[in-house]
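Chains, contacts and geometry: an overview
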Amino acid sequence: MTSLSRKELAQFGVKRRHSTAKRTVAIVYGLCLTVGVLIILRPELVEKFGLPLLYTTKAQVEYSVDDGVTWQSATAADGQDTFAIPAQDGKKTVALRARDPKAPLRGLEETNVTLEFSGDSGAKWAKCERAKAGAVDCQAYPAEAGTSAMLVRVMHEAPKMAAVAPETAAMTVAAQPSDVTANLPAAITKAWILALLSAVPIGLFLAWVVLKLGYLKSGATTATLIFFTLFGLTMIVPFLWMVSTAFKTQEATDIYKIQWLAYPIRWANFYDVFSRVPFARFYLNTVFLASYVTLGSVFTSALAAYSFARLEFPGRDKIFMAYLATMMIPGAVTSIPVFVLMCKIGWVDSYKAIIIPSMFSAYGTFMLRQFFMTLPRDLEDAAKIDGCSLFGIFWRIIVPLSKPAVATLTIFTFMGEWNDFMWPLIILNDPNKMPLQVGLQFFRSAETPDMNVLMCASMLMIVPVIIVFLLGQRYFVEGIQLGAVKG
Amino acid sequence: MPRYEHKRWSGDRIREMLAGYGYITPNFLGFLAFISIPIIVSFYFAFTEYSVLTPPKWVGLRNFKELLSFHYEDVPVFVTEKNEKGLEVQRLVTKSVTKPDGAIVQEPVTERKLRPNDSNFYYFTYNTVFLLIGIPLGITTSLCMALIMNQKIRGITFWRTIYFLPSVTAGVAVYMLWAWIYDPQKGLLNQFLSSTLGYIGLFPKDPADWPRWIGSAALAKPSLVLMGLWSAMGGYNMILYLAALQGVDPQLYEAAMIDGASSWQKFWNITWPLISPTTFFILVMAVIGGLQGGFMQAYIMTQGGPQGSTTTLAYYIFNNAYTWFHMGKAAAIAWFLFAVIFILTLLNWRYSGRKVNY
């Protein structure tokens, strides 16, 4: 059987799946998103990547000891923007210039660096005067230029176009390729074409997804899609800001302008997170505490819930009512005497003081009991006749049957414990015992915390929570509908 | 239970009884030690002066009096005037008084005013209540979200995941993130406003004039409310509403459609009454949670400041108990909080109970 072309189908009165109007709306939607991102990021792309988006700014410092006839590269020293120039015997002046290896494409008029030099290993820095608009050439006169090595550093600044040559010195001006300005517009166009070429397919893909999922069926669904998108962006933007900050350098967090792109990317933030505070230790502590509390709490709650739901004994309902009654009491009421108790028995600053009080949850007991009540009794009766013990019934029948409820309670207890802050803060003094939530405080102990490192730590902290949520989303939703969440 | 009536003291019955006690024992011991007995002890502490190091001293109602009652105080009277530079200054009002020895002296005029014993406490209660204004806003947005999500549209899981992220990640990390977003100069919010509103001249040019959000006494609380909205809008409440909406019988809508009801009439006469139990549940839970809330925000983002404008009762309890070791006073505030929650819950049950359809 041969398939018919679209034209042939049209002859038989078969309409296309989506009308042109819908396609247009979808394409506009997709392109708005991707090209919008490109437009928002444009100033940064221009500034950081030197407009053609594809090239990076990395100035290479060169020096000349023969008044600009020959130029030599200075060796990078101590950080990427500082360069060392070896001692030049007998020479009084050294000419300096910063060159971008990608200069022909970037255009020297865009160069926005100034140079500073130091003759005393970086104790004092003097600024190089610009010899010419755009070009960063200068002659340096360090006191010891002839005898000792010199350091040069590149300062990223806004271009200063009106630099005046100092009268006292004969300036060495490096000859620049003259065809740079001629090449520039072509390079810009090329870069933007490349950028759009990468944005447009993604936009079209989004348009295809939106059509495929039927978001454009009617006016209402289209409005829904737009609403969803705007709302989703509101939810996600703060997290993007966190991620962006986490990769920035300290200087990049210090400017009064939105910068979404972390450039240069500072991977050392991750190293700093783990080296400034015992972050790995905090992580292990949290995992340890959360696992123990979750295991203990779910097990004791399930056992008690089984007892409340199925077994007959005098006073059962009265005890259960007592459980219910305490659920309305604020945590602050009980935490004070429990803290005093921990002081009296010497448990302050120990894991016991965190794990044991959290292991008995009236709430978990209540929730599981309600679930167990809904299970049919027939299986249990059959098991009883077959001689199964009461614990056997609990372990082999009740627990497997209530897997969703148990899973829900497990996830919620684990997440609750992962985010628990106040009680560990009260109980623990030893930094080595602290969980993440409390430990993160140490990043802020400094007067001005490095936001990049702090955000890096925060990011590392919420990643496991998001993973647990994504894996157990079903139980989350069911749990909320069961009323498993307080407040 | 009638099933066991005929063998009241049989072996099975006793075994089951023992097992019943046995199975609740671990949980019940913990419940006694860490929940029920502490509640009683805490009630006792509320009537004592106690700093952990020395044994508690019974002081009767003094803690509550210190917190709640008022006293008269002679307060000097100030008038606001303009000085020669046109600035408003406060001047102490004085009057001439003839002393018994004939000398005339200037004395400040005072007036008798009713002042709370602990003015902080009322201020912090006000703060706590102020932060509750996020609740109706949050409930409204959650409901809107749920109504929109309740259509037969594919990919709901994807959107739900995104909207849920803020509530899942609640914790120190997110508060730190928001403290960073609210940073007066380098934070995202001000920079966003200056690059949008700034263009049309609605936002100050000079970064020194930018709003300080959590750093200013006037804006700190609204900022926290905004943050709370962000994290609660798409969270638990939306999912509760979604479940409630899916439980509404579609036949009702069909019937309404035949009768020619508009969408608003359908919502107001069918949806809203039928989901009122959920609204009620959300409201009660949010108020109970909200009254106890605000500790982490205060501790992490603002340290309760500026000028105590973000200190809530929970943070005040924490400071009293664990910073200044006024356990008695802390317990008294905690019980005050409980009393408020209890009364509000009762009122809720009483008054919403009539309007809520079950």
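Coordinates for the structure precede this section.
The structure contained in this document is the topic of the report that follows. Since the model is a prediction, treat every value here as computed from it, not as a measurement.

Criteria and cut-off values
Residues numbered from 1 in each chain as written. Chains lettered and ligands numbered in written order. Predicted model: local features only at pLDDT ≥ 70, side-chain atom pairs only at ≥ 80, totals over all residues. Heavy atoms only, no water. Helix = DSSP H or I, 4+ residues; strand = E, 2+ residues; numbered from the N terminus. Buried < 20%, exposed > 50% of the residue type's maximum accessible area, 1.4 Å probe, protein only. Contact = heavy atoms within 4.5 Å. Areas by Shrake-Rupley, 256 points an atom, 1.4 Å probe, with all protein chains shown as cover. Expected span 1.5 Å × (residues − 1). Bend = angle between axes of the 7 residues up to and from the residue. Buried area = accessible area lost by both parts, 1.4 Å probe. Salt bridge = Lys/Arg side-chain N within 4 Å of Asp/Glu carboxyl O. Polar contact = N/O pair within 3.5 Å; in protein donor to acceptor, adjacent residues only side chain to side chain. Core = buried A, V, L, I, M, F, W, Y, C linked by side-chain atoms within 4.5 Å. Axes fitted to C-alpha atoms, helices over the stretch in contact; angles between N-to-C directions. Parallel < 35°, antiparallel > 145°, perpendicular 65-115°, else oblique.

Quick look at the overall build of chain A
Check the secondary structure of chain A and you find 18 helices and nine strands. A buried classification covers 48% of the 487 residues belonging to chain A. Residue pairs in contact within chain A that sit at least 24 positions apart in sequence constitute 73% of those at least 6 positions apart. Just so you have it, chain A exposes about 23800 Å², and 64% of that area is on carbon and sulfur atoms.

Notes on helix α5 (residues 156-168) of chain B
All names here are of chain B. Along its 13 residues, α5 runs 18 Å from first to last C-alpha, staying within 8% of the 18 Å computed at 1.5 Å per residue. At Ile-162, α5 shows its strongest bend, of approximately 30 degrees, with the proline Pro-166 following within four residues. By the burial criterion, the buried members of α5 are Ile-156, Trp-159, Arg-160, Thr-161, Ile-162, Tyr-163, Phe-164, Leu-165, Pro-166, Ser-167 and Val-168.

Examining the interface of chain B and chain A
By a widely used convention, the size of an interface equals the accessible area lost when the partners come together. The interface of chain B with chain A comprises 92 residues on the first partner and 100 residues on the second. Summed over both partners, the interface of chain B with chain A comes to about 8800 Å²; 76% of that surface belongs to carbon and sulfur atoms. Among the residues of chain B in contact with chain A, Tyr-23, Phe-34 and Trp-180 of chain B are the three that bury the most area, contributing 10% of the side total. Seen at the junction of chain B and chain A, the total is zero salt bridges. At the boundary of chain B and chain A, one finds 19 residue pairs in polar contact (both at pLDDT 80 or more).

Things to note about the pattern of salt bridges
In a structure, side chains of opposite charge can pair up when their charged atoms sit close to one another. Across all of its chains, the model carries twelve salt bridges over all chains by this definition. For Arg-62 of chain B, the salt bridge is made with Glu-49 of chain B, and the minimal N-O distance between the two is 2.6 Å. Taken as a pair, Arg-62 of chain B in helix α2 (residues 62-68) and Glu-49 of chain B in strand β1 (residues 48-49) lie far apart in primary sequence, 13 residues in all. Residue classification places Arg-62 of chain B among the partly exposed positions, given a relative accessible area of 36%. Bridged by salt links that share partners, the residues Arg-266, Asp-272, Arg-276 and Asp-450 of chain A form one connected network.

A closer look at the nonpolar core
With 197 residues, the main nonpolar core has Phe-279 and Phe-372 of chain A together with Tyr-163 and Met-301 of chain B as its most contacted residues. Once you skip the residues sitting within four places of it in the chain, Phe-372 of chain A turns out to touch Ala-302, Ala-305, Tyr-306, Ala-309, Arg-310, Ile-398 and Ser-402 of chain A. Counting five residues, the second largest nonpolar core, distinct from the first, contains Val-61, Tyr-63, Phe-83 and Ile-85 of chain A.

Structural notes on the environment of Phe-239 of chain A
Mapped onto the elements, Phe-239 of chain A comes out in helix α5 (residues 219-246). Since its relative accessible area comes to 9%, Phe-239 of chain A is described here as buried. Leave out the neighbours within four places in its chain, and Phe-239 of chain A touches Ile-462 of chain A together with Leu-165, Pro-166, Thr-169, Val-174, Leu-177 and Trp-230 of chain B.

Points about the packing of α5 of chain B against helix α9 (residues 236-246) of chain B
Residue and element names in this part refer to chain B. Packing of α5 against α9 leaves a shortest axis separation of 9 Å and a crossing angle of 135 degrees. Classed by the angle they form, the pair α5 and α9 counts as oblique. Across the interface between the two elements, Arg-160, Tyr-163, Phe-164 and Ser-167 from α5 touch Tyr-236, Met-238 and Ile-239 from α9.

As for the environment of Gly-294 of chain B
All names here are of chain B. Within the secondary structure, Gly-294 is located in the loop between α12 (276-291) and α13 (295-302). Classification of Gly-294 as buried rests on a relative accessible area of 11%. For the pair formed by Gly-294 and Tyr-315, sequence separation is 21 residues and the distance between their alpha carbons is 7.0 Å.

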